[in-house]
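Descriptive analysis of the structure
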Amino acid sequence: MKRERLTMSQALVRFLDNQYIECDGVESKFVSGIFGIFGHGCVVGVGQALEQGGHSLKFYQGKNEQNMALAAVAYAKQMDRKAIIPCVSSIGPGATNMVTACGCATANRIPLLVLPGDTFACRQPDPVLQQAEFFDNYGRTVTDAFKGVCHYFDRIVRPEQLMTACLNAMRVLTDPADTGAVCLAMPQDVEGEAYDYPEHFLQKRVWHMDRRPITASQLKRAASLIWDAKKPVIVCGGGVRYSGAEKELLQLAEQCNIPITETQAGKGIIAWDHPLNLGGIGVTGGKAANVIARDADLIIGVGTRFTDFTTSSKWLFAENRKVLGINICPFDAYKMDAEAVIADAREALSALVTECCGYKTEYTGEIAAAKKEWDLIVDDYYTKELPGGLSQTLALGIINGFMGSDDIAVGSAGSLPGDMQRLFRPGSRGTYHMEYGYSNMGYEINGALGVKLAAPDKEVYTFCGDGSFFMAHSELYTSIQEGLKLNICVFDNMGWGCIENLQNNQGTDTFGTVFRARNPQTGMLDGDDIPVDFAKIAEGYGAVGYTVRTADELRAALEDAKKQIRTVVFDIKVLPKTMTPGYESWWRVGVAEVSKSKTVAAAYEDMQKHIKETFDY
């Protein structure tokens, strides 16, 4: 057997450079670059391996480990999970900074490979810089924190262990049913240790993403449920996108006259103006989808995780309804006490199209009427001007109307995801990119970089609040460094407006959710406003900044930004509390059972009433 003597890091780089996937006969490179922030735990290991060359991996210099990993999550999501950018860090804080991003990847079923440095396997220099010591277990290091947020974790304490670790990592990263974050922790001494690696480990390897077919018995049970239903509804989830099943889903819906509702991950797959598309469903959904779904007797979930936002905390659907769960992942297929079809979405839907030929729902004019009413509501939000300033919904409508059909919208946290699921009208497929499995504040700007890396020829607009901007925007600088233009829309309502609304709606007065100075009289954070000039912050990074206070200023800024070739930031000053409300939905949160406040007590009673109307699964 021919072998080559390489350090563990050199072998890792060679291995990653030679990983490919095949899906539907199309072969593509799975890893084309690496994000990294070098420190003493990796710079002379993986850093040396990357620097010496002999590979085709492009190195991207991150500015914060969490943020670069969030960019990697967004890249993989935009690539429909068919490509990744691994992330390399030093030990200690550099490593644990990536834990949040791993949680984000796992929650969203997105492949992410993190390669954190670790303390010395030999233990001889211990305790080293940035090492946390645990008195009960000398073998424990801070990278053990990744175990709680990763689908696969391994610590490579000998260079030959790399082979098993890499194969298992790729197994998870390319598995549509069991994917998420993967962590290969790398002690810094082992990164530089050598081994005679067999040539076949370093050669090109193709991972086949085969489609799991629906079984005959599953098809019979699923079709029976549909044939027995009078008014079913489809819940289109992210799995439809990753499977490429939109054609089959639409074919089934049109053939059988079944209305379609969308999760955040499923939005933008079916054209928003299709007569059967009722839009977003659940807590952040619209009236059309929620009203029709409330009366449905069969819920057909396709590629959805049935989160609390989709189901309105299991309150939305009628008591006598049934659920059909079509999902490649068994864990998700059985949710909501569903009849589970564990299969690839495209394969399952294609089979159901044939099996349900001749079936028609009993809907008459309800679908069209609900959609017409909702479209008028959206039009009103997108055009109505309010006295005293610019509303959040009008600003969103202006930007949405300005964007081209191939421009990509990115979002994640705060009140904007609710507005966007309800109101946003995406262009072509893949132009609505919402991370809402983890609702990760700070994803918006960093994720936009990942989206732009995946689609460099597209205009990328990311939508974030001032709170998210404060939290994490470091890769804005990386976009300048890489010459990748982002359009960053900062909706500044001077606080965490979404959480303030939640707080107020559950009976509590505003506390700690608006951005104000400490009041010397009260000792509370209810003093003067502290205005922030986000446009100047952008200019300090080398980006182009626009300050926007009116609809006309926003339109002018958008036009001028089209001429720019570098990242632009729209500092949009919006009126607080001008986001959309909920429609025919409910969200369960932990309201105080005991309180001196009558409004909190009333909110608790309201919660108890809704709980009685939900169902246990």
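First, a word on scope: everything that follows refers to the structure included in this document. Counting restarts for each chain, with residues numbered from 1 along the sequence as it is written. Note on the predicted model: pLDDT of at least 70 is required for a residue's local features to be given, and 80 or more for side-chain atom pairs to be given and counted; whole-chain, interface and lining totals, by contrast, use all residues. Excluded from the side-chain calculation are hydrogens and water; included are all heavy atoms of the structure.

What about unusual backbone geometry?
Cis geometry is adopted by the peptide bond preceding P127, which originates at D126 and carries an omega value of -10°. Only runs of H or I of at least four residues qualify as helices and only runs of E of at least two qualify as strands under DSSP, and these elements are numbered from the N terminus. Here P127 lies in the loop between β7 (112-118) and β8 (152-155). Not every positive phi belongs to a glycine, and R81 is a case in point at roughly 65°. Looking at where R81 falls in the secondary structure, it is placed in the loop between α3 (65-78) and β6 (87-89). Burial classes follow relative accessibility: with a 1.4 Å probe on protein chains only, a residue under 20% of its type's maximum area counts as buried, one over 50% as exposed, and anything between as partly exposed. According to the relative accessible area criterion, R81 is buried, its value standing at 12%. Look at K314: it is not a glycine, yet its phi comes out positive at around 65°.

Brief notes about the layout of surface pockets
A cavity here means a set of 1 Å grid points, computed over protein atoms only, where a 1.4 Å probe fits but cannot escape. A pocket is an open set with protein on both sides within 12 Å along at least 5 of 7 lines, and lining residues have an atom within 4 Å of a point. Grid points are joined across faces, edges and corners, and a volume is the space filled by probe spheres set on the points. Space inside the second largest pocket adds up to approximately 410 Å³. If you go around the second largest pocket, you meet 25 residues; those closest to its centre are D492, N493, M494, V574 and P576. Of all the secondary-structure elements, those providing two or more residues to the lining of the second largest pocket are α22 (497-505) and β23 (568-573). Its residues placed into classes, the lining of the second largest pocket shows 10 nonpolar, six polar and nine charged. Only Asp, Glu, Lys and Arg are considered charged, only Ala, Val, Leu, Ile, Met, Phe, Trp, Tyr, Cys and Pro nonpolar, and every remaining residue, Gly among them, polar.

Describing the packing of helix α19 (residues 443-454) against helix α21 (residues 475-482)
Where α19 contacts α21, the two axes come as close as 8 Å, and the packing angle between them is 25°. The orientation of α19 with respect to α21, classified from their angle, is roughly parallel. Two packed elements cross with a definite hand, and for α19 against α21 that hand is left-handed. Facing I445, N446 and L449 of α19, the residues of α21 in contact are E475, L476, T478 and S479. Residues that form the contact of α19 with α21 fall into these classes: three nonpolar, three polar and one charged. Angular values range over 0 to 180 degrees, each being the angle between N-to-C directions of two axes fitted as lines to C-alpha atoms, with helices fitted over their stretch in contact. Any angle that is under 35 degrees is reported as roughly parallel, and any over 145 degrees as roughly antiparallel; angles of 65 to 115 degrees are reported as roughly perpendicular and all others as oblique. Two helices cross in a left-handed way if the nearer one is turned anticlockwise from the farther one by less than a right angle. They cross in a right-handed way if the turn is clockwise. Any pair of residues with heavy atoms lying within 4.5 Å of one another is described as a contacting pair.

Observations concerning helix α12 (residues 287-294)
If you check which residues of α12 are buried, you get A288, A289, N290, I292 and A293. For α12, the elements touching its buried residues are β12 (232-236), β13 (260-262), β14 (277-280), β15 (298-302) and α16 (366-383).

Side note on helix α11 (residues 246-256)
If you check which residues of α11 are buried, you get E246, E248, L249, L252, A253 and C256. Those residues of α11 hidden inside the fold are in contact with β12, α10 (238-243), β13, β15 and α15 (345-355). Immediately beyond the C-terminal end of α11, within one or two residues, lies N257, with a positive phi of roughly 60°.

Let's talk about the sheet that holds strand β11 (residues 205-208)
Two strands pair if DSSP finds at least two bridges between them. Taken together, the three strands give an open sheet; going across it, the order is β3-β2-β11, and neighbouring strands pair in mixed fashion. Because the sheet does not close on itself, it has two edges, and the strands there are β3 (26-29) and β11. With strand direction ignored, the average angle separating the axes of adjacent strands in the sheet is 30°. As defined by bridge partners, strand β2 (residues 19-23) adjoins β11 across four bridges and the pair is classed as parallel. Directly across from Q19, in β11, lies its bridge partner R205. Its contacts with the sheet put helix α1 (residues 8-17) on β2, β3 and β11, and the angle it makes with β2 is roughly 25°.

Observations concerning the packing of aromatic side chains
Aromatic pairing here means that ring centres of Phe, Tyr or Trp (its six-membered ring) are within 6.5 Å. Orientation follows from the plane angle: under 30 degrees is stacked, over 60 is edge-to-face, and everything else is tilted. Overall, the coordinates contain 17 aromatic pairs when judged by the stated rule. Residues F424 and Y432 carry aromatic rings whose centres are separated by 6.0 Å and whose planes lie at 45° to one another, so their mutual orientation is tilted. With respect to burial, F424 and Y432 carry one shared label: buried. Here the aromatic residues F469, F470, W496, F515 and F534 are joined through ring pairs into a cluster of three or more. By the criterion adopted, a ring carries a charge over it if an Arg CZ or a Lys NZ lies within 6 Å of its centre and within 35 degrees of its normal. Just above the ring of Y20 sits the side chain of K29; from NZ or CZ to the centre is 6.0 Å. Between K267 and the ring centre of Y432, over which it is positioned, the NZ or CZ distance is 5.6 Å.

Considerations on the nonpolar core
One finds F35, L112, F146 and L184 to be the most contacted residues of the largest nonpolar core, which totals 95 residues. If one sorts the elements of this core by residue count, α3 sits on top with nine residues. Beyond its immediate stretch of four places on either side in the chain, F146 contacts A95, M98, V99, C102, V114, P116, F153 and C183. Residues V235, V302, I367 and M434 belong to the second largest nonpolar core, which totals 90 residues. Among the buried residues, those of types Ala, Val, Leu, Ile, Met, Phe, Trp, Tyr and Cys that are joined through side-chain atoms within 4.5 Å form a nonpolar core.

Focus on the pairing of β8
Across four bridges, the pairing between β8 and strand β9 (residues 181-187) is parallel. Residue D154 lies in a different strand from β9, and its bridge partner there is L184. When the strands point away from the viewer, a crossover counts as right-handed if the route from the first strand across the helix to the second turns clockwise. A crossover links β8 with its parallel partner β9, the connecting element being helix α6 (residues 162-173), and its sense is right-handed.

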